[in-house]
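The chain contents come next:
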Amino acid sequence: MNSSNTAQAFPEISEDVFRHVVEQSAIAISVTDANARILYVNPVFCTITGYALEEVLGCNQSLLSYKSTPKEVYQEMWGELTTGRAWHGRLLNRRRDGSPYVADLTVTPVRTTTITGQPVLRYLGMHWDATDSHRMERQLQNQRQLVESVVETAPTAVALLDGEGHVVLDNPAYRRIGQDLSLVDPARAVMGSLRESMGGNFDQAVAARRPIVNHELRFDHAERETRWFSCSLSWVEEQSSTADAFYDAENKVYLLLVMNDITVAKRQQETARLAAMRAVLSEGELSQSLREALSGAIFQLQGPVNLISAAANMQRRRAGAGADKDPLVQALAEAREAGETAIATLQSALPAEPLEATGPVNLNEVVRDVLMLETQDFLAAGVTVDWTPARTLPSVSGEATALRNLFRQLVSNAIEAMNRRGWKERSLSVITSVRGGQVEVELTDTGPGIPEELRLKIFEPFFSTKKPGQGGARGVGLALAQEIVRRHRGVLEVDPHYHGGCRLRVSLPDMRSESARDGGIA
Ligand code: FAD
């Protein structure tokens, strides 16, 4: 559109106004002839370049070149211009004082006529100083590269989750965890495990966007080694960069998940812990055996003493007024007194039950400990163990040592049941799971099983299917196990429908559902 065309298209606007537009423009404007010789520049051109109008008139635009721009750039530029197309790009320019700046330039070929009506080619150049913008872009790019290379090579697993919980950025260490643990979405599994292990605290932290720092999680897997991770969650706000959020910034919130593999350190701790636990358990076993032996003796004595007492009462009634002088009454009274004294003496010798603090206990850990502690016995009896832990398990509220004793009792019963001459099938399967607010541990052995008529009797104190004199046949183990389960408000039962051996199921209330009701153990 030439000047007369412009005047026709906008009759309300005089050419003067258009000249003002060019003169006042915030962009450097130049007009050249077909050889890039400058015919006109506006004031901003002079401000940016430092040249006065008179200094540049008649000069080639190349006076702005910093002489470091590759030839190909100009060739590409001129290639476009000579075929009548506009060109846009960035060039490195030199100001009058020699300082460089980045020019964001658009050159447009304009075919027009001279005042005398001769057709001519003019180039219209428009550029702005893009040095700051270029610096910021580069800085941003550098920072992004730096962050990306740190995140990519870090041994720490990192994942950024959007508001819907989808992973929008992750690193190789994170993806490796997914492969190692056969998890399609490790972040989802971690969030689930955090919720299970932290209970209400997790939801509160999420609602208040409070960071969760170094929370340890364990991932059990039947075929692979248990892995431990120290997990942290923090919230990252991103300011919206869209134009419509210029005044009303609607920020996006991302969740940053950082996971450190602490398996090696944990394994070392585990070894030390197991050694310490072995010492505590063998000490506890000693006093437990003493308690069982003394309780057995008291139980055995109580029967005859009750009989003597009944006989003494009968004889006293029969002797009537002369009872005080009756030698049999006296003898029976002495015998009863001696029996009661003996019972009292035995009772006073009973070692006190150790007091243990109640706290959150993970049954996967307890069962794994027990299976490790019993390794020697499994090997000696040729029993194979099939351990299938729930990937994550909510805690139960309880006494860790008592619960360990409970499962040791059940496991050693199973070993004993299968460790008999000629018994071929010797395997023990242990499965943990969560069902309806209960944490369940199911132990299935391939021993002879428990006949239906004895399924309740086996939990009675001093009941045993073994003949007296057989090792460990005191008959209090299951009664004590039952007592521990009862104290933890749980249930220990024999599965009546299982016939390939014996299947015992221990169900203890999940800590979260229990704390929702009241608290503590009975
Ligand atoms: P030159 O020899 O001038 O050009 C390099 C190559 O470009 C040549 O080999 C040739 O292939 C091609 N070429 C050059 N002139 C023409 C032409 N008239 N017709 C066809 N092909 C040609 N350059 C900058 O560095 N900074 C600027 O800000 C800038 N602004 C410009 C604004 C306008 C309106 C125009 C038309 C050009 C502008 N140029 C600018 C380009 C400038 O004219 C020079 O081409 C460039 O600076 C390279 O100069 P040189 O002396 O290194 O090489």
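The structure under discussion appears in the preceding block.
One structure accompanies this document, and this report is about it. (Residues numbered from 1 in each chain as written. Predicted model: local features only at pLDDT ≥ 70, side-chain atom pairs only at ≥ 80, totals over all residues. Heavy atoms only, no water.)

With respect to topology, five strands assemble into an open sheet ordered β2-β1-β5-β4-β3, the strand pairing being antiparallel. Edge positions in the sheet fall to β2 (38–41) and β3 (87–94), since each of these pairs with one other strand and no more. Each neighbouring strand pair of the sheet contributes to a mean axis angle of 30°, computed without reference to strand direction. Where β3 and strand β4 (residues 100–113) come together, eight bridges link them in antiparallel fashion. Considered in β4, the bridge of Leu91 is made with Ala103. (Pairing = 2+ DSSP bridges. Helix = DSSP H or I, 4+ residues; strand = E, 2+ residues; numbered from the N terminus. Axes fitted to C-alpha atoms, helices over the stretch in contact; angles between N-to-C directions.)

Let us look at the sheet that holds strand β8 (residues 212–219). The antiparallel open sheet is built from five strands, whose spatial order is β7-β6-β10-β9-β8. Because the sheet does not close on itself, it has two edges, and the strands there are β7 (167–170) and β8. Direction aside, neighbouring strands of the sheet carry axes that sit 25° apart on average. Bridge count between β8 and strand β9 (residues 227–238): six bridges; the pairing is antiparallel. The partner of Arg218 across the bridge, within β9, is Trp228.

We now examine the site of the ligand. Taken together, 20 residues form the shell around the ligand, and within it Ala34, Asn60, Tyr74, Trp78 and Asn93 come nearest. One of the backbone N or O atoms of Ala34 is found 3.2 Å from a nitrogen atom in the ligand. One of the side-chain nitrogen or oxygen atoms of Asn60 is found 3.1 Å away from an oxygen atom of the ligand. Contact with the protein chains removes 76% of the 910 Å² of surface that the ligand exposes when unbound. If you list the elements that add at least two residues to the shell around the ligand, you get α5 (71–82), β3, β4 and β5 (119–129). No other element matches the four residues that α5 contributes to the shell around the ligand. In the shell around the ligand, the residues fall into ten nonpolar, nine polar and one charged. (Near = heavy atom within 4 Å. Polar contact = N/O pair within 3.5 Å; in protein donor to acceptor, adjacent residues only side chain to side chain. Areas by Shrake-Rupley, 256 points an atom, 1.4 Å probe, with all protein chains shown as cover. Nonpolar A, V, L, I, M, F, W, Y, C, P; charged D, E, K, R; others polar.)

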